[in-house]
Amino acid sequence: MQRAPQGDLQQLVALVNERLKVIEDVARSKWNSHGAIEDAERERSMLASLQADAARLKLAPERVQRFFEDQIEAAKTLERERIAQWQAQSQPPFTLVQDLKTDVRPRLDAINQLLLQALARVDQAPAPDASQLQVALKAQLLPRWGQAGQIATAHLSR
């Protein structure tokens, strides 16, 4: 039995990692603006858009929902961790923070589309060996992101 190409798994994990890096920019913006971590309307809109795009990639909408709910939860976990850290350090507002709506969210939306495409490639390949997936996850995400990385990767495999 063939396995999913290593490159497809690595790309999916690399994109999850890239998304979490952008979430740090989200956290900085929310820190400066005292914005709420939760944004249910944005989450619903993003999930609906991604589920609509899933059909053209032959992905089940519930698969996309579950995967991106994990990404959203990982993002909120990371935001909470960073904000708690900054509160403990009495962090002043950050300088040169990108605008959440015009700069950061468009970057997230672009990464989400790339994630959707990578997820489709991984799902359409034969089922990967679990050990192959674990190696990719441990090497690229878990050491840096901790709990947020665990959440983000909960439903990488089918």
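As a reminder, the structure under discussion sits directly above these lines.
These numbers were taken from a predicted model, which means no experiment stands behind them.

Details of unusual backbone geometry
Then, in step 1: One non-glycine residue, Lys58, lies in the positive phi region at around 60 degrees.
Then, in step 2: Here Lys58 is to be found in the loop between α2 (40–54) and α3 (61–88).
Then, in step 3: Of note, the phi angle at Leu96 is positive, near 55 degrees, even though the residue is not glycine.

Quick notes on the environment of Glu73
Then, in step 1: Inspection of the secondary structure puts Glu73 in helix α3.
Then, in step 2: For the pair formed by Glu73 and Ala148, sequence separation is 75 residues and the distance between their alpha carbons is 7.8 Å.

Considering the nonpolar core
Then, in step 1: Membership of the largest hydrophobic core comes to 32 residues, with the highest contact counts inside it found for Leu12, Leu59, Val64, Phe67, Phe68, Leu115 and Leu116.
Then, in step 2: Broken down by secondary-structure element, the contributors of at least two residues to this core are α1 (6–33), α2, α3 and α4 (100–124).
Then, in step 3: Here this core takes ten residues from α4, the largest share from any one element.
Then, in step 4: If sequence neighbours within four positions are ignored, Val64 has contacts with Leu50, Gln51, Ala54, Leu59 and Leu116.

Let's talk about empty space enclosed by the protein
Then, in step 1: Taken as a whole, this structure holds one cavity of 30 Å³ or more when the rule is applied.
Then, in step 2: Every residue lining the largest cavity is counted, 16 residues in all, and those nearest its centre are Lys30, Arg42, Glu43, Glu79 and Leu108.
Then, in step 3: Elements supplying a minimum of two residues to the lining of the largest cavity: α1, α2, α3 and α4.
Then, in step 4: Partitioned by chemical class, the residues of the lining of the largest cavity number eight nonpolar, no polar and eight charged.

What counts as what
- Residues numbered from 1 in each chain as written.
- Predicted model: local features only at pLDDT ≥ 70, side-chain atom pairs only at ≥ 80, totals over all residues.
- Heavy atoms only, no water.
- Helix = DSSP H or I, 4+ residues; strand = E, 2+ residues; numbered from the N terminus.
- Core = buried A, V, L, I, M, F, W, Y, C linked by side-chain atoms within 4.5 Å.
- Buried < 20%, exposed > 50% of the residue type's maximum accessible area, 1.4 Å probe, protein only.
- Contact = heavy atoms within 4.5 Å.
- 1 Å grid on protein atoms, 1.4 Å probe; cavity = no way out; pocket = protein on both sides within 12 Å on 5 of 7 lines; lining within 4 Å.
- Points joined across faces, edges and corners; volume = space filled by probe spheres on them.
- Nonpolar A, V, L, I, M, F, W, Y, C, P; charged D, E, K, R; others polar.

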